[in-house]
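One letter stands for each residue in the lines below.
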Amino acid sequence: MFLHGPKSSGKTTLLYRFLDEVKKREKVDVKFLNLRKVYLGNYQDFLRIFFKVDYKNSKKTIKEGSQYDLKIFKLTVEELKELEERRIDLLVLMKKELRQLVEKGKKPIIIIIDELQALMDIYINGQRTLIQELFNFFVAMTKESHLAYVIISSSDGYFIDVVYNDSKLKKTSDFLEIDYLGKEDVWEWLRNIDKYSKIKEYTLTEEEIEKVWDTVGGSMWEIQLLLSRFFEGEVEEVCEDYKIKMRELIIDYATEKNRKLKEQILKRFIERNKISKSEFSEEEIEKLKDMVHNNILYYNPVKAEFYPQGRSYEWGLKLYFKKK
């Protein structure tokens, strides 16, 4: 299962909540790996992160025959040596542990969050990339052997696009979009900020709630940010300042390089919120990729559409071109 959606749309929070709920009802073994804050430059880095291997000290500190608890997967010392020397396939070791967990009556769930696209540049077996090997393994473990569930979350629409257009993965995977909150949910939250945000120092009027919605839409992180700033200023003033900040972000991005082409593309999102990939030229699509990587726009790979990263970026664009 692939979860995709704009940054700060709640993908990670949803996964944590899912785990809390499923642990109450099922006997599971969760292997949770967050790649956001790690560096993955080569195969050794992958082994270090995925298996938590200490290459300098593991052979000295572990007794022969003991188990090495690597948090993601467990290895014996002999297997660790063979893995380091590439005398054994790491996927074979992973399958072995998954099978052992199933035999114990546990359901393995592998969850990987963001930055998995870094594996696309690491080669493991001739011309095959590490990510190809990993995805083939995941398909075998889920659809063929039924040994585990695999959930991958990413805000990188182009990474998901590559995955979505892989015929084997497209036929064996679910692609679920996690978007921002709808208006009804935002109203429920902001009418009851004492209940949901533990704020008792002030309440919001209907007009102020409308102002928050108009400024940032259903972006939970930005709503929480605005709520924290209302301690220091009036709602109207805080929201207007935030819109100006978003305009400044667009100015910084648009004026760096290729300003004319960037403006040509971004101006189209003033008239239409969502635009199909098929409506852009090859030159424009290359620049759109840069806009996606810089979180100005989001790309929905399933619908093949581009749109601004939330309501606040829509305001940034409007104010940028209004000023011009």
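The preceding data block contains the structure.
Since we're looking at a predicted model, the values are computed, not measured.

**Details of the packing of helix 12 (residues 220–229) against helix 13 (residues 235–254)**
- Relative to each other, helix 12 and helix 13 sit at 130 degrees, their axes nearing to 10 Å. Between helix 12 and helix 13, the crossing angle belongs to the class labelled oblique. For the pair helix 12 and helix 13, the sense of crossing is right-handed. Here helix 12 contributes W221, E222, L225, L226 and R229 to the contact with helix 13, which in turn contributes V238, C239, Y242 and K245.

**Observations regarding the pairing of strand 5 (residues 107–113)**
- A large share of strand 5 lies buried, amounting to six of its seven residues.
- Bridge analysis of strand 2 (residues 28–34) against strand 5 gives seven bridges, and the strand direction is parallel. Across the sheet, residue V28 finds its bridge partner in strand 5, namely K107.

**Things to note about the pairing of strand 12 (residues 305–308)**
- Of the strand pairs in this sheet, strand 10 (residues 275–276) and strand 12 are connected by two bridges, and their pairing is antiparallel. Along strand 12, the bridge assignment pairs S276 with E305.
- Taken together, the four bridges between strand 11 (residues 297–300) and strand 12 define a ladder with antiparallel strand orientation. Opposite Y298, over in strand 12, you have Y307 as the bridge partner.
- Between the end of strand 11 and the start of strand 12, which pair antiparallel, lie four residues, with A304 showing a positive phi angle near 55 degrees.

**Focus on the packing of helix 14 (residues 259–266) against helix 16 (residues 282–293)**
- Where helix 14 contacts helix 16, the two axes come as close as 10 Å, and the packing angle between them is 85 degrees. Of the possible angle classes, the one that applies to helix 14 and helix 16 is roughly perpendicular. Contacts between helix 14 and helix 16 involve L261, K262, Q264, I265 and L266 on the former and, on the latter, E283, E284, K287, L288 and M291.
- For the contact of helix 14 with helix 16, a count of residues per class yields five nonpolar, one polar and four charged.

Thresholds applied
- Residues numbered from 1 in each chain as written.
- Predicted model: local features only at pLDDT ≥ 70, side-chain atom pairs only at ≥ 80, totals over all residues.
- Heavy atoms only, no water.
- Axes fitted to C-alpha atoms, helices over the stretch in contact; angles between N-to-C directions.
- Helix = DSSP H or I, 4+ residues; strand = E, 2+ residues; numbered from the N terminus.
- Parallel < 35°, antiparallel > 145°, perpendicular 65-115°, else oblique.
- Left-handed = near helix turned anticlockwise from the far one by under 90°.
- Contact = heavy atoms within 4.5 Å.
- Buried < 20%, exposed > 50% of the residue type's maximum accessible area, 1.4 Å probe, protein only.
- Pairing = 2+ DSSP bridges.
- Nonpolar A, V, L, I, M, F, W, Y, C, P; charged D, E, K, R; others polar.

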